[in-house]
Amino acid sequence: MPHQTEDQETHPPKRSSSEALAAYFDWHALAGVEDLIGPEPTGAYALSAAAAKAPPKAKPTPQRTGAAPAAALITGDEAAQQAAVAAAACTTTEELFAAIAAFDGCSLKQGARNTVICDGVPGADLMVVGEAPGKDEDRIGKPFVGRAGKLLDKMLAAIGRARETDVFISNVIFWRPPGNRTPTEAERAICLPFIERLIDLNRPKVLIFAGGVSAKTLLRTETGIMRLRGAWRDYETPGGLTIPAMPLYHPAFLLRQPAQKKAAWRDLLAVQARIGTAGLTND
Ligand code: URA
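Residues numbered from 1 in each chain as written. Predicted model: local features only at pLDDT ≥ 70, side-chain atom pairs only at ≥ 80, totals over all residues. Heavy atoms only, no water.

Chemist: Any chance you could explain the site of the ligand here in plain terms?
Modeler: Neighbouring the ligand are Gly130, Glu131, Ala132, Glu137, Pro143, Phe144, Asn171 and His250. Phenylalanine 144 has a polar backbone atom sitting 2.8 Å from an oxygen atom of the ligand. Contact with the protein chains covers 92% of the free accessible surface of the ligand, which is 230 Å². Of the residues contributing to the shell around the ligand, the split by class is three nonpolar, three polar and two charged. (Near = heavy atom within 4 Å. Polar contact = N/O pair within 3.5 Å; in protein donor to acceptor, adjacent residues only side chain to side chain. Areas by Shrake-Rupley, 256 points an atom, 1.4 Å probe, with all protein chains shown as cover. Nonpolar A, V, L, I, M, F, W, Y, C, P; charged D, E, K, R; others polar.)

Below you can see the structure in the form of structure tokens.
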């Protein structure tokens, strides 16, 4: 085997700029730095993939990824209005899934790998609505599949429920916020017509709002989860249903504060009892 010259040892072979860019993203991903972005999504995943695919001699050109350019040109109010029109036009969950996936008005989409809409059984009498996809959910494309999701599954199992058989699960936000930051009020307002339509079309008998963001968004309140949890609320859907809703501590919070599991357990028992109540008629 020929010896490397000193020059080869100290200066790795020259790479094209697109290869260097792809290596740059890969190096950060290996180091666990996946959010090379500020609070505004920039489509880093797509940038990395595009850089890797680019022909070796091509000059790197600035790229916008993910959402259509329209997303950058309309205001949050306009986007929320567009979402409301798109959601109202859907008469089935399948149509709604397609409408959400096609919607480009939420800038979070630009930084996300997947649109994460729901998991479980559409039409189940229990529906859980969480906050937003995290890293694992973004990768897999389903809500609550990471550590918090595993705990949610255990919590549901404790009241004899499972997403495979009798729970429907979604979030108030369908795209992962950069670095798992809390979704902004504007992002929540833009996604709201879609999650509300999803609830209307699925007509659950009981809702669980998992965490403060879910509860505050759907109940249109600024009250925090510490005060909301444990007390039934009547959630009024745009379609005219009144559904009992239980705000619950988010499983991710319970992972950090296991002492609060006792309270969550009490709230889950209340949910179990309420679903068993005769006379709930959202069929
Ligand atoms: N947390 C949520 O609120 N939703 C998910 O889907 C995952 C984590």
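Structure's up, so let's keep going.
Chemist: Would you mind going over the sheet that holds strand E1 (residues 118-120) with me for this structure?
Modeler: Neighbouring strands of a sheet are bound in pairs by backbone hydrogen bonds; such pairs are parallel or else antiparallel. Spatially, six strands are ordered E1-E3-E2-E4-E6-E5 in an open sheet, and the strand pairing comes out mixed. Each edge of the sheet is formed by a strand with only one pairing partner; in this case those strands are E1 and strand E5 (233-236). Between one strand axis and the next, the sheet turns through 30° on average, direction left out of account. (Pairing = 2+ DSSP bridges. Helix = DSSP H or I, 4+ residues; strand = E, 2+ residues; numbered from the N terminus. Axes fitted to C-alpha atoms, helices over the stretch in contact; angles between N-to-C directions.)

Chemist: Please clarify how the pattern of salt bridges should be interpreted in this entry.
Modeler: Between side chains of opposite charge, a pair can form when the charged atoms approach closely. Scanning all chains against the criterion turns up eight salt bridges. A salt bridge links arginine 161 to aspartate 125; its shortest N-O distance comes to 2.6 Å. Remark: aspartate 125 occurs in the loop between E1 and strand E2 (126-130) and arginine 161 occurs in the loop between helix H8 (147-158) and strand E3 (167-171); sequence separation between them is 36 residues. Judged by its relative accessible area of 15%, arginine 161 is buried. Aspartate 136 is the salt-bridge partner of arginine 139, the closest N and O atoms lying 3.2 Å from each other. With arginine 139 and aspartate 136 both in helix H7 (residues 135-140), this residue pair falls three residues apart, about one helical turn. The exposure class of aspartate 136 is partly exposed, given its relative accessible area of 28%. (Salt bridge = Lys/Arg side-chain N within 4 Å of Asp/Glu carboxyl O. Buried < 20%, exposed > 50% of the residue type's maximum accessible area, 1.4 Å probe, protein only.)

Chemist: Looking at this model, I keep getting lost on helix H5 (residues 76-88). Mind explaining?
Modeler: Two residues of an α-helix separated by three or four positions point the same way, owing to the 3.6 residues in each turn. Over its 13 residues, H5 runs 18 Å from end to end, which matches the ideal 18 Å to within 8%, given 1.5 Å per residue. Among the residues making up H5, those that are buried are Ala79, Ala80, Ala83 and Ala87. Buried residues of H5 fall within an arc of 100° about the axis and therefore sit on the same side. Exposed residues on H5 whose side chains face more than 90 degrees from its buried face are Asp77, Gln81, Val85 and Ala88. The elements touched by buried residues of H5 are helix H6 (93-102) and helix H9 (185-202). (Expected span 1.5 Å × (residues − 1). Arc of directions from axis to C-beta. Contact = heavy atoms within 4.5 Å.)

Chemist: Any chance you could explain the pairing of strand E4 (residues 206-210) here in plain terms?
Modeler: Remark: a regular strand shows side chains that alternate across the two faces of the sheet. For E4, a buried count of five out of five residues is recorded, marking the element as mostly surrounded by other parts of the structure. Here E4 shows no split at all, with Val206, Ile208 and Ala210 on one side and Leu207 and Phe209 on the other all buried. The pairing of E2 with E4 spans four bridges and is parallel. The partner of valine 128 across the bridge, within E4, is isoleucine 208.

Chemist: Can you walk me through the pairing of E5 in this structure?
Modeler: Sheet topology places E5 next to strand E6 (residues 242-248); four bridges connect them, and they run antiparallel. Looking across to E6, one finds that tyrosine 235 is bridged to isoleucine 243. Between E5 and E6, which follow one another and run antiparallel, lie five residues, and glycine 240 among them has a positive phi close to 95°.

Chemist: Help me understand unusual backbone geometry, please; the structure alone is not making it clear to me.
Modeler: Excluding glycine, residues mostly carry a negative phi; peptide bonds, for their part, are mostly trans. With phi around 55°, phenylalanine 144 is a residue other than glycine that occupies positive phi space. Residue position: phenylalanine 144 is located in the loop between H7 and H8. The buried category is assigned to phenylalanine 144, whose relative accessible area is 6%. For arginine 220, which is not a glycine, the phi torsion comes out positive at approximately 50°. As for its placement among the helices and strands, arginine 220 is situated in the loop between helix H10 (212-219) and helix H11 (225-228).

Chemist: What am I meant to see in the packing of aromatic side chains here?
Modeler: Ring pairs (aromatic) are described by centroid distance and by the angle formed between their planes. Applying the stated rule across the entire model yields five aromatic pairs. Ring centres of phenylalanine 103 and phenylalanine 194 lie 5.1 Å apart, and the angle between their planes is 70°; this geometry places the pair in the edge-to-face category. In this pair, phenylalanine 103 sits in the loop between H6 and E1 while phenylalanine 194 sits in helix H9, placing the two residues 91 residues apart along the sequence. Side by side, phenylalanine 103 and phenylalanine 194 carry an identical accessibility label, which is buried. Plain terms: the ring middles of phenylalanine 174 and phenylalanine 194 are 6.4 Å apart, the flat faces sit at 75° to each other, and that makes the pair edge-to-face. Linking phenylalanine 174 in the loop between E3 and H9 with phenylalanine 194 in helix H9, this pair joins segments that are 20 residues apart in sequence. In this pair, the class of phenylalanine 174 matches that of phenylalanine 194, namely buried. The structure contains a cluster of three or more aromatic residues connected by ring pairs, namely Phe103, Phe174, Trp175 and Phe194. Here the guanidinium or amino end of arginine 274 rests over the ring plane of tryptophan 232, the centre of that ring lying 4.8 Å away. (Phe/Tyr/Trp six-rings, centres within 6.5 Å; stacked < 30°, edge-to-face > 60°. Lys NZ or Arg CZ within 6 Å of the ring centre and 35° of its normal.)

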